[in-house]
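Structural characterization, general
As a plain string of letters, each chain reads:
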Amino acid sequence: MAKKKSEGAEAGSGASASEAAKEAPPAPPPPPVPEADVEELPRAIVRRLVKEKLSELAGEEDVNVNKDALLSFGESARIFIHYLSATANDICKESKRQTINAEDVLKALEEIEFNEFIEPLRSALEDFRKKNAAKKSGAKSEKKRKAEQDLTGTPTKAGSQEENLVGSG
C-alpha cells in the first residue's frame, strides 16, 4: 500500500508542478544593450580620418572639430557601411552566393549612386592586391631559400657574420 500512495503522490505532484509553472512569471528579458555601444566606430579612428582630410583641404591652417561633429561623422559612416553592406549582400544573393566579394561592393556603390567612389576604390583594391602578391611571393622565396640552406647545410648570412666575429676575436 505504501507503494500506491507514493505513486499517487508523484502523479499529484506532477500536476501541481505544471500548475506552478503556469502561475510563475516569466524570467525578465536581459537588459537591452544600447546600439551605440555595440556598433559605434572607434572615435580615435574617426577623429584621425576627419582631421587628416580636413587638414589636407585646409592646407597649413589648423582645423578643430567639435565632439558632436565627430560623433555625427562616426554615425554617418556607420549608417553608410550598413546601407552599402546590405546592398552588396542583396547583389550577392541575386548571384546565388553567400560570400560578398569586392565586385559586389563596387556594384553596390553604383546601385546606390556613389559612382565617384568606384574608381578610387578599384585603384586602392588593385594596390592592395599587388602588395599582398608581393608579400606572398617574398614569403615563398624566403621559404625556398631556407629549405635550400637546410638541404645544403650552408649557414645564413647572419650565421656567417657571427662566425666571422667569433673567428676574428
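Preceding block: the structure.
What this report covers is the structure whose coordinates are included nearby.

Analysis parameters
Residues numbered from 1 in each chain as written. Predicted model: local features only at pLDDT ≥ 70, side-chain atom pairs only at ≥ 80, totals over all residues. Heavy atoms only, no water. Phe/Tyr/Trp six-rings, centres within 6.5 Å; stacked < 30°, edge-to-face > 60°. Helix = DSSP H or I, 4+ residues; strand = E, 2+ residues; numbered from the N terminus. Core = buried A, V, L, I, M, F, W, Y, C linked by side-chain atoms within 4.5 Å. Buried < 20%, exposed > 50% of the residue type's maximum accessible area, 1.4 Å probe, protein only. Axes fitted to C-alpha atoms, helices over the stretch in contact; angles between N-to-C directions. Parallel < 35°, antiparallel > 145°, perpendicular 65-115°, else oblique. Left-handed = near helix turned anticlockwise from the far one by under 90°. Contact = heavy atoms within 4.5 Å. Nonpolar A, V, L, I, M, F, W, Y, C, P; charged D, E, K, R; others polar. Salt bridge = Lys/Arg side-chain N within 4 Å of Asp/Glu carboxyl O. Patch = residues over 30% accessible without salt bridge, like charges linked within 9 Å, V, L, I, M, F, W, Y side chains within 5 Å. Areas by Shrake-Rupley, 256 points an atom, 1.4 Å probe, with all protein chains shown as cover. Lys, Arg positive; Asp, Glu negative; His and termini not counted. Charge placed at Lys NZ, Arg CZ, Asp CG, Glu CD.

In this section: the packing of aromatic side chains. Given two aromatic rings, their pairing is described by the distance between the two centres and the angle made by the two planes. Under the counting rule described, the total for this entry stands at three aromatic pairs. Geometrically, the ring pair formed by Phe80 and Phe114 is edge-to-face, given 5.1 Å between the ring centres and 70° between the ring planes. Of this pair, Phe80 sits in helix α4 (residues 67–94) while Phe114 is found in the loop between α5 (102–111) and α6 (118–152), placing the two residues 34 residues apart along the sequence. Ring pairing ties together the aromatic residues Phe80, Phe114 and Phe117, which thus form one cluster.

Here we take up the nonpolar core. Ranked by size, the top nonpolar core spans eight residues in total: Leu84, Ala88, Ile91, Leu106, Ala108, Leu109, Ile112 and Ile118. Contributing elements (two or more residues each) for this core: α4 and α5. Grouped together as the second largest cluster of nonpolar side chains are five residues, Val46, Val63, Val65 and Leu70 included.

Turning to the packing of α5 against α6, a few remarks are in order. One way to put it is that α5 packs onto α6 with a least axis distance of 10 Å and a crossing angle of 165°. One finds that α5 runs roughly antiparallel with respect to α6. The two elements α5 and α6 meet at a crossing, and its hand is right-handed. Contact residues: α5 offers Ala102, Glu103, Val105, Leu106, Leu109 and Glu110, while α6 offers Ile118, Leu121, Arg122, Leu125 and Arg129. Of the residues that constitute the contact of α5 with α6, the class distribution is seven nonpolar, no polar and four charged.

Relative orientation of the contacting elements α4 and α5 amounts to 110°, with a least axis distance of 8 Å. The angle between α4 and α5 falls in the class roughly perpendicular. Considering the relative orientation of α4 and α5, their crossing is right-handed. Between α4 and α5, the contacting residues are Phe80, Leu84, Thr87, Ala88, Ile91 and Cys92 on the first element and Asp104, Val105, Lys107, Ala108, Leu109 and Glu111 on the second. Here the contact of α4 with α5 is built from residues that sort into eight nonpolar, one polar and three charged.

Even without being glycine, Lys96 reaches a positive phi, approximately 60°. Mapped onto the elements of the fold, Lys96 is located in the loop between α4 and α5. Residue classification places Lys96 among the exposed positions, given a relative accessible area of 76%. Even without being glycine, Glu113 reaches a positive phi, approximately 65°.

With that settled, the discussion passes to the side chain of Thr87. Along the chain, the position of Thr87 falls in helix α4. Non-local contacts of Thr87, meaning those with residues more than four positions away in its chain, are made with Ala108, Glu111 and Ile112.

Turning our attention to the pattern of salt bridges. Considering all chains together, one arrives at seven salt bridges under this definition. Residue Arg78 is joined to Glu75 by a salt bridge in which the shortest nitrogen-to-oxygen separation is 2.6 Å. One end of the pair, Arg78, and the other, Glu75, are both in helix α4, three residues apart, so they sit about a helical turn from each other. Looking at Glu75, the relative accessible area reads 34%, which means it is partly exposed. Residue Arg97 is joined to Asp104 by a salt bridge in which the shortest nitrogen-to-oxygen separation is 2.7 Å. For Asp104, a relative accessible area of 1% translates into the label buried. Overlapping salt bridges, with partners in common, bring together Glu103, Glu119 and Arg122 in one network.

Here we take up a negative patch on the surface. A cluster of acidic residues, Asp90, Glu94, Glu110 and Glu111, forms a negative patch on the protein surface. Put simply, the parts of the chain that give the negative patch at least two residues each are α4 and α5. Turning to its location among the elements, Glu111 is positioned in helix α5. On the basis of relative accessible area, Glu111 is assigned to the exposed category, the value being 52%.

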